[in-house]
Structures are given as C-alpha cells and as structure tokens.
Amino acid sequence: MNDLLYISHPQLNKIDSKIIKTKNEGKNTKIILDRSIFMPTSPYLLDENPRISGNEVSHIRFINGNLIHTINNKIKSSSVKLSFDKDIRLKNMDYNTAFFIFKSLFLKYYNNKDLTLRIKDNYSQIKVSNFYENFSIDDFLSLFNKLIDLGLKINKDRDFVEIKGFDKDFNSGVYHNNTKYLQGIFVLTVEKIDETLLIDFI
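## Section: the packing of aromatic side chains
Going through the model one piece at a time under the given rule, you end up with 18 aromatic pairs. Members of the aromatic cluster, connected to one another through ring pairs, are Tyr95, Phe102, Phe106, Tyr110, Phe131, Phe135, Phe140, Phe144 and Phe201. In this arrangement the basic side chain of arginine 89 is found over the ring face of phenylalanine 84, its NZ or CZ atom lying 4.0 Å from the centre. The lysine or arginine in question, lysine 168, covers the ring of phenylalanine 160, its NZ or CZ lying 5.4 Å from the ring centre.

Rendered as structure tokens:
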C-alpha cells in the first residue's frame, strides 16, 4: 500500500487503483492496492458501502502494515475502480471530527479519556464514563467552537491524529483536514447519570 487517500483526501470517493497482490480464500479474495480511498472497517462509524469494480467490500483492515480489502468474488484484472457513498462519508467525517475534538478537550481540561461514540439514525451520542466533575455545556461549547473558528490543521497519519497543542489520539477512521470544515454541532440533550455523562448532538 502506497497511498492511503482516506487520510489525505477524505472526500475523494471515486478513483482507479492498481492491484499489487491478491489472495483467494474460498469464495473471498483479499486484495492489496497501490492506493485506497477506503478507511479500515470501523466498529462505530457508518458503513460507507465501499465497492471495488462493483463488488461489495466485506472487510477492510491493516495486516502487517498493508491495508487488506476483502471482497466476495474473484478479480482477474490488474486495475480496479473504487467507490463509496459520499454522503455517508461526509457524515462520518463530521461526527468523527467532532468526537475527536470532544476527546481532545475532555483529556486536556478534565483529564478524562473514557469517551465513546454511537452514531444513531438522526443524531449521535457521546458517552463519558468515570466523569466526576461539574459540567457546563455552554462553557464546553465555547471551547469547542473556538477550536473550529481558529481553523486548526488536523494532522493525520496511519496511526495517529493530532491538533497542535493537544495530545495525540489513535486514528480511528476519517476526519476533516482542518477544524474550520466542521460547521459546528447542535447539542440536543445533556444527561448525567451517576458518573456517566451522555451528550446527544447533531
């Protein structure tokens, strides 16, 4: 794998790619490409319906440094066409970038990194576990929106994602390249149940 375009050009949703290596396993074929627009299969981001020359991609993951694409078919050509649902990608970018900013702020100002994200049909929910502080959503959104307004570059590689001045986080999918591309969020509800904080937003 040479170019992981989902990192540098996350909105690119159609490209041609050359096959470096294939391995047949029963009805499945595992493929290594010279470049890819697909992110690894995520446990919490939405399925972007990735396709390789019209074939459904059932799984994408890193193995020994290579991004392996698994399809339920055989591939005979040396080059293929990649595509995915751009609307879903944009939704993933928005929610995952917002989640990354949430995590960065909670770690810096509350020393808490126990955050998880669930994307539902019409909104997303961030769950903060082991949270014992008083929490003001207005104060938090002031910090959040400031990061957006500053237009800070989001530095990314295969393993990590980072905003200068904040701790690195593990790369868990697709993000905007700059905080300014996130239009902002609207918080629906904030609920504190014992030491768990739940924030629903769109």
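## Thoughts on the layout of surface pockets
Its boundaries defined by the atoms lining it, the largest pocket holds a volume of some 240 Å³. For the largest pocket, the lining is made up of 18 residues, of which Thr41, Leu46, Asp47, Glu48 and Pro50 are closest to its centre. Among the elements that line the lining of the largest pocket, the one with the most residues is strand 6 (residues 55–63), at 5 residues. For the lining of the largest pocket, the per-class residue count stands at 9 nonpolar, 5 polar and 4 charged.

## Concerning the packing of helix 2 (residues 86–110) against helix 3 (residues 137–150)
In the contact formed by helix 2 and helix 3, the axes pass within 11 Å of each other and the chain directions differ by 120°. Here helix 2 lies oblique to helix 3, going by the angle between them. Taken as a pair, helix 2 and helix 3 cross one another with a handedness that is right-handed. Along the contact surface, helix 2 presents Ala98, Ile101, Phe102, Leu105, Phe106, Tyr109 and Tyr110, while helix 3 presents Phe140, Leu143, Phe144 and Leu147. Considered class by class, the residues forming the contact of helix 2 with helix 3 number 11 nonpolar, no polar and no charged.

Rules of the game
Residues numbered from 1 in each chain as written. Predicted model: local features only at pLDDT ≥ 70, side-chain atom pairs only at ≥ 80, totals over all residues. Heavy atoms only, no water. Phe/Tyr/Trp six-rings, centres within 6.5 Å; stacked < 30°, edge-to-face > 60°. Lys NZ or Arg CZ within 6 Å of the ring centre and 35° of its normal. 1 Å grid on protein atoms, 1.4 Å probe; cavity = no way out; pocket = protein on both sides within 12 Å on 5 of 7 lines; lining within 4 Å. Points joined across faces, edges and corners; volume = space filled by probe spheres on them. Helix = DSSP H or I, 4+ residues; strand = E, 2+ residues; numbered from the N terminus. Nonpolar A, V, L, I, M, F, W, Y, C, P; charged D, E, K, R; others polar. Axes fitted to C-alpha atoms, helices over the stretch in contact; angles between N-to-C directions. Parallel < 35°, antiparallel > 145°, perpendicular 65-115°, else oblique. Left-handed = near helix turned anticlockwise from the far one by under 90°. Contact = heavy atoms within 4.5 Å.

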